[in-house]
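# Architecture and fold: a report
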Amino acid sequence: MDDAPVDLRSDTVTLPSPQMRAAMAAAEVGDDAYRGDPTVRKLEQRLSALAGFEAGLFMPSGTQSNLTALMTHCARGEEYLVGQDAHAYSHEAGGAAVLGSIQPQPIENAPDGTIPVAKLRAAIKPDDEHFAMTRLIALENTIGGKVLPQGYVDDVAKLAREHGLSMHLDGARVFNAAAFAARPIAELCAPFDSVSICLSKGLGAPVGSVLCGSVAFIERARRWRTMLGGGLRQAGVLAAAGLYALDHNVARLPLDHDNAKRLAQGLAALGALKVTMPQTNIFFVEIPPADVEPLKRHLRACNIVATVSAVTRLVTHLDIDEAKVDRVLMAFEAFYHKAYAKAQ
Ligand SMILES: Cc1ncc(COP(=O)(O)O)c(C=O)c1O
């Protein structure tokens, strides 16, 4: 049996395939800071058109892409409304506040990942000199593996329009959301003024995101990207991986969702764990506190890499096939049967 590591921590751990590496090696390149890299241009045009936008900007990371978007939408002293669980609030090292002088207004997410519209409405500040000026609503799709209902997104967009606010989507995994919803990504992105899409998650590229928006928005974003150190030179080597990912790794995303479901159902069947059934490739398992440390050791011994804690996030991706899912299930079964036998 294949005993290569099974890494369930994130879909960011995927390794570029030999074919993707070959596409990178063959890329036609130029200096992208002089707008002279044809492969970067091709990726920006292709992905922004797919998402329904006029223009795109290649970014080294999703974090820089979100920050660039926030800085393009909001000036110093202005504010964005964002979910407490959103990556662009909770996992980007406070960049908006530190580097952008932008005030985050975090709001608790509902269990389905939405931010209730009434809470968003209540958080919009009146035009008063004592308050930061609310400028933007930022959503994330998928969020914690969950897909935002499109009717909800439309309601938020209506609220934003009523108050003259812009809308940004952290669409790091918008292709997963589109696969689940069986809709083109352009439909999911339509209510937004800007969308950041990652190539380095489930799509399997080693780096890269594309920020999409209008021509005017992207022109302004270029200056912030330069300031943030994101002006790359022969970046076509990286963009080629993104183009390869669009050609080869989008259509297969439902396989990751099926594998997540298979894994979740198998874990739920053990009876000892509370499992949230996945919509896409990310789901959560509640581990009894006493099991956390021994389970960590057991999985390590089985060459299974996971961030085990009381609420463990498990992620399927390009480098996890059905056989690997079965190996993980066997490891969990062995652990819980042994624990059960010991308790008798
Ligand atoms: C939802 C979401 N947005 C943004 C990012 C940031 O992407 P990067 O790691 O490329 O900075 C991540 C990273 O995992 C993410 O999960």
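The shown structure was predicted, so the numbers you read here are calculated from the model rather than taken from an experiment.

### Description of helix H2 (residues 38-50)
Taking 1.5 Å of rise per residue, 13 residues should cover 18 Å, and H2 covers 18 Å from first to last C-alpha, within 8% of that figure. Turning to H2, its buried residues are Thr-39, Val-40, Leu-43, Glu-44, Leu-47 and Ser-48. Relative to the axis of H2, the buried residues are bounded by an arc of 150° and lie together on one face. Among the exposed residues of H2, those pointing more than 90 degrees away from its buried face are Lys-42, Gln-45 and Ala-49.

### A look at the domain arrangement of the protein
Per the domain assignment, the segments making up the protein are domain 1 (6-13 + 252-343) and domain 2 (31-248). One C-alpha centre belongs to domain 1, the other to domain 2; they are set 30 Å apart. Both sides together, the interface formed by domain 1 and domain 2 hides about 1,200 Å², and carbon and sulfur atoms give 56% of it. The three residues of domain 1 that bury the most area against domain 2 are Asp-11, Leu-253 and Gln-279, which together make up 43% of that side's buried surface. Counting every contact that joins domain 1 to domain 2 gives one salt bridge. Salt-bridge contacts for Asp-11 lead to Arg-173; the nearest nitrogen and oxygen are separated by 2.8 Å. Across the contact surface, domain 1 and domain 2 share four residue pairs in polar contact (both at pLDDT 80 or more). Elements that contribute at least two residues to the side of domain 1 that touches domain 2 include exactly helix H12 (253-269) and strand E10 (282-286). Broken down by element, the residue count for the side of domain 1 that touches domain 2 peaks at three residues, all from H12. Of the residues that constitute the side of domain 1 that touches domain 2, the class distribution is five nonpolar, six polar and two charged.

### Overview of the site of the ligand
Surveying the vicinity of the ligand reveals the residues Ser-61, Gly-62, Thr-63, Asn-66, His-87, Glu-92, Glu-140, Asp-170, Ala-172, Arg-173 and Lys-201. A distance of 2.8 Å separates an oxygen atom of the ligand from a polar atom in the backbone of Gly-62. Within the side chain of Asp-170, a nitrogen or oxygen atom sits 2.6 Å from a nitrogen atom of the ligand. Protein chains bury 82% of the 390 Å² of accessible surface belonging to the ligand in isolation. Looking at the shell around the ligand, the element that brings in the most residues is helix H3 (residues 62-73), giving three residues.

### Re the packing of H3 against helix H10 (residues 215-227)
Where H3 contacts H10, the two axes come as close as 9 Å, and the packing angle between them is 115°. In terms of crossing hand, the pair formed by H3 and H10 is right-handed. Contact residues: Gln-64, Thr-68, Ala-69, Met-71, Thr-72 and His-73 in H3; Phe-217, Arg-220, Ala-221, Trp-224 and Arg-225 in H10. Among the residues forming the contact of H3 with H10, the class breakdown is five nonpolar, four polar and two charged.

### Thoughts on H12
Taking 1.5 Å of rise per residue, 17 residues should cover 24 Å, and H12 covers 25 Å from first to last C-alpha, within 8% of that figure. For H12, the set of buried residues is Leu-253, Asp-256, His-257, Asn-259, Ala-260, Leu-263, Ala-264, Gly-266 and Leu-267. Of the residues flanking the end of H12, it is Gly-271, one or two places downstream, whose phi is positive at about 85°.

### Re the side chain of Lys-201
You can see Lys-201 is positioned in the loop between strand E7 (194-198) and strand E8 (209-213). The side chain of Lys-201 sits in the buried core without any salt bridge; Asp-11 is the nearest counter-charge, 6.5 Å away. What Lys-201 contacts, discounting residues up to four positions off in sequence, is Asp-11, Thr-12, Thr-14, Ala-172 and Arg-173.

### Quick notes on the nonpolar core
Within the largest apolar cluster, 52 residues are counted, with the highest numbers of intra-cluster contacts made by Leu-120, Ile-137, Leu-139, Tyr-152, Ile-197 and Leu-199. Look past the residues within four positions of Tyr-152 in its chain and what remains in contact with it is Thr-114, Ile-115, Val-117, Leu-120 and Leu-139. Ranked by size, the runner-up nonpolar core spans 25 residues in total, among them Leu-8, Ile-304, Ile-320 and Phe-332.

### Examining the sheet that holds E10
Taken in spatial order, the three strands line up as E9-E10-E12 in an open sheet, and their pairing is antiparallel. Looking at strand neighbours, the two that pair on one side only are strand E9 (274-275) and strand E12 (311-315), the edges of this open sheet. Judged from the two bridges that link them, E9 and E10 form a sheet pairing that is antiparallel. Following the sheet pairing, Val-275 is matched in E10 by Val-285. Docked against the sheet, H12 engages E9, E10 and E12, running at close to 10° with respect to E10.

### Describing the packing of aromatic side chains
A complete count under the given rule lists one aromatic pair for this structure. Aromatic side chains Phe-335 and Tyr-336 sit 4.9 Å apart centroid to centroid with 80° between the ring planes, which places their arrangement in the edge-to-face category. The lysine or arginine in question, Arg-233, covers the ring of Tyr-34, its NZ or CZ lying 5.9 Å from the ring centre.

### Some words on the pattern of salt bridges
What the rule picks out here adds up to 18 salt bridges. Across the pair Arg-41 and Asp-32 runs a salt bridge whose closest N-O atoms are separated by 2.9 Å. On the accessibility criterion, Arg-41 (22% relative accessible area) is partly exposed. A relative accessible area of 0% places Asp-32 in the buried class. Between Arg-262 and Glu-322 there is a salt bridge, and its shortest N-O distance comes to 3.7 Å. Note that Arg-262 is positioned in helix H12 and Glu-322 in helix H14 (residues 322-343), a separation of 60 residues in sequence. Take Arg-262: its relative accessible area is 32%, and that puts it in the partly exposed class. Note on Glu-322: relative accessible area 47%, which makes it partly exposed.

Scoring rules and cut-offs
- Residues numbered from 1 in each chain as written.
- Predicted model: local features only at pLDDT ≥ 70, side-chain atom pairs only at ≥ 80, totals over all residues.
- Heavy atoms only, no water.
- Helix = DSSP H or I, 4+ residues; strand = E, 2+ residues; numbered from the N terminus.
- Expected span 1.5 Å × (residues − 1).
- Buried < 20%, exposed > 50% of the residue type's maximum accessible area, 1.4 Å probe, protein only.
- Arc of directions from axis to C-beta.
- Domains from an automatic or database assignment.
- Buried area = accessible area lost by both parts, 1.4 Å probe.
- Salt bridge = Lys/Arg side-chain N within 4 Å of Asp/Glu carboxyl O.
- Polar contact = N/O pair within 3.5 Å; in protein donor to acceptor, adjacent residues only side chain to side chain.
- Nonpolar A, V, L, I, M, F, W, Y, C, P; charged D, E, K, R; others polar.
- Near = heavy atom within 4 Å.
- Areas by Shrake-Rupley, 256 points an atom, 1.4 Å probe, with all protein chains shown as cover.
- Axes fitted to C-alpha atoms, helices over the stretch in contact; angles between N-to-C directions.
- Left-handed = near helix turned anticlockwise from the far one by under 90°.
- Contact = heavy atoms within 4.5 Å.
- Lys, Arg positive; Asp, Glu negative; His and termini not counted.
- Core = buried A, V, L, I, M, F, W, Y, C linked by side-chain atoms within 4.5 Å.
- Pairing = 2+ DSSP bridges.
- Phe/Tyr/Trp six-rings, centres within 6.5 Å; stacked < 30°, edge-to-face > 60°.
- Lys NZ or Arg CZ within 6 Å of the ring centre and 35° of its normal.

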